[in-house]
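Descriptive analysis of the structure
The residues making up each chain are set out below.
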Amino acid sequence: MKVKIRVADPAGNITIFVMTPLERSQYAEAANQLLEQKKYKAEQVGFVEEKEDGTQHMQMMGGEFCGNATRSFGYLKSLVDENHPQLVQVDVSGSESPLDVEVDLEAGTSRTTMPLPRKIVNLSVPDLGTCPMVCFDGISHMIVKGPRRSDAFVQEVLKAARACETCDAYGIMFLEPSGDGMEKCYRMTPVVYVVETDSLVWESSCGSGSMACAVYLADRKEDGTYVYVLRQPDGQIEATVVRREGKTVQCKMGGKVTVSDELEAEVL
């Protein structure tokens, strides 16, 4: 079966959008087949659905929330609209309400509002002690200070996280100072596990993981706006946290993005 696709590159986190309607029962298999096609170098897949009211919904392959896919979907919507709006509202999996995406086609950037975290908890992990887990609807991220560690360590963290919190996806963000002396600039190495597709990917960048790190770094700080730069294997994301009355009240993240022309792929 041939399907129409668009390939987005948000800071290296290559995302395939399937534009041809499929049944949701087909998503996991279609996603796995597309991820196996090495020419796309994709790390995740989203499915664009037509709603009854004529608008579109973007459903990630495991029903999870993804910040990079969200801002790429907003960029795509602006790109195909003859008016090229700079503010686009998107409906995506893992978010209870539509999100605003700010698009600058000339600069090749997009920035999205993000769902607020539900909570931050301390997760007990063997050989580590505890690490913070930032929980959003649909995805939870564990933040481990220091450089990337072994796959065996990743499995231990995932085991502890799944026993503590039920989610569509889990991320582990290895976080360390950038090393160049720049304040509020960090290196981040992301790995993400999606339950529905049973896929574990060391990602080139991770939007929601970047947001989780920024929320953690700003936690317990005074009221104000905090901006963090997260440098990742193939890209850079800027994450902004606004705190008022001791709480996180707004989250935004963004950076560079490109979207391909419509292509045709074989699946199922």
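A brief structural summary. Here the structure is a predicted model, which is why all the values come from computation and not from measurement.

About the criteria used
- Residues numbered from 1 in each chain as written.
- Predicted model: local features only at pLDDT ≥ 70, side-chain atom pairs only at ≥ 80, totals over all residues.
- Heavy atoms only, no water.
- Helix = DSSP H or I, 4+ residues; strand = E, 2+ residues; numbered from the N terminus.
- Rg over C-alpha atoms; globule rule 2.2 N^0.38 Å.
- Buried < 20%, exposed > 50% of the residue type's maximum accessible area, 1.4 Å probe, protein only.
- Areas by Shrake-Rupley, 256 points an atom, 1.4 Å probe, with all protein chains shown as cover.
- Lys, Arg positive; Asp, Glu negative; His and termini not counted.
- Charge placed at Lys NZ, Arg CZ, Asp CG, Glu CD.
- Phe/Tyr/Trp six-rings, centres within 6.5 Å; stacked < 30°, edge-to-face > 60°.
- Lys NZ or Arg CZ within 6 Å of the ring centre and 35° of its normal.
- Contact = heavy atoms within 4.5 Å.
- Pairing = 2+ DSSP bridges.
- Expected span 1.5 Å × (residues − 1).
- Arc of directions from axis to C-beta.

1. A word on the overall build of the protein
Within the protein one finds four helices and 17 strands. For the protein, the C-alpha radius of gyration of 18 Å lies close to 18 Å, the compact-globule estimate for 268 residues. Projecting the C-alpha coordinates of the protein onto the three principal axes gives extents of approximately 50 × 40 × 35 Å. Looking at the 268 residues of the protein, the share that counts as buried comes to 56%. For the protein, the exposed surface amounts to about 12200 Å²; the carbon and sulfur share of it is 45%. Computed over 28 positive and 40 negative side-chain charges, the separation of the two mean positions in the protein equals 6 Å.

2. Thoughts on the packing of aromatic side chains
Under the defined criterion, the tally for this structure stands at five aromatic pairs. With centroids separated by 6.0 Å and ring planes inclined at 55°, the aromatic side chains of Phe17 and Phe73 adopt a geometry described as tilted. Of this pair, Phe17 sits in strand β2 (residues 15-18) while Phe73 sits in helix α2 (residues 67-80); the two residues are 56 residues apart in sequence, bridging distant segments of the chain. The pair Phe17 / Phe73 is uniform in exposure class, with both members buried. Between Tyr27 and Phe47, the aromatic rings sit 3.9 Å apart at their centres with planes inclined by 5°, giving stacked as the arrangement. Taken together, the residues span a long stretch of sequence, with Tyr27 in helix α1 (residues 27-36) and Phe47 in strand β3 (residues 44-50) at a distance of 20 residues. A relative accessible area of 5% places Tyr27 in the buried class. Cluster of aromatic residues (ring-pair linked, three or more members): Phe153, Phe174 and Trp202. The ring of Phe153 has Arg149 lying over it, and the distance from NZ or CZ to the ring centre is 3.9 Å.

3. Some points on the environment of Leu35
Relative to the assigned elements, Leu35 resides in helix α1. Sequence separation of Leu35 and Ser199 is 164 residues, and the distance between their C-alpha atoms is 10.0 Å. Ignoring anything within four residues of it in the chain, the contact list for Leu35 reads Ala42, Glu43, Gln44, Val45 and Met61.

4. Considerations on the pairing of strand β8 (residues 119-125)
Across seven bridges, the pairing between β8 and strand β9 (residues 129-136) is antiparallel. Each residue of the ladder has a partner; that of Ser124, found in β9, is Thr130. Counted along the chain from β8 to the antiparallel partner β9, the turn is three residues long, and its residue Asp127 has a positive phi close to 65°.

5. Notes on helix α3 (residues 151-164)
A rise of 1.5 Å per residue sets the reference length of α3, with its 14 residues, at 20 Å; its end C-alpha atoms lie 20 Å apart and thus fit the reference within 8%. When we look at burial in α3, the residues that qualify are Phe153, Val154, Val157, Leu158, Ala160 and Ala161. End-on view of α3: buried residues confined to an arc of 165°, all on one side of the axis. Away from its buried face, by an angle of more than 90 degrees, α3 presents the exposed residues Ala152, Lys159 and Ala163. Next to the buried residues of α3 lie β8, β9, β10 (139-145), β11 (169-177), β12 (185-194) and β13 (199-202).

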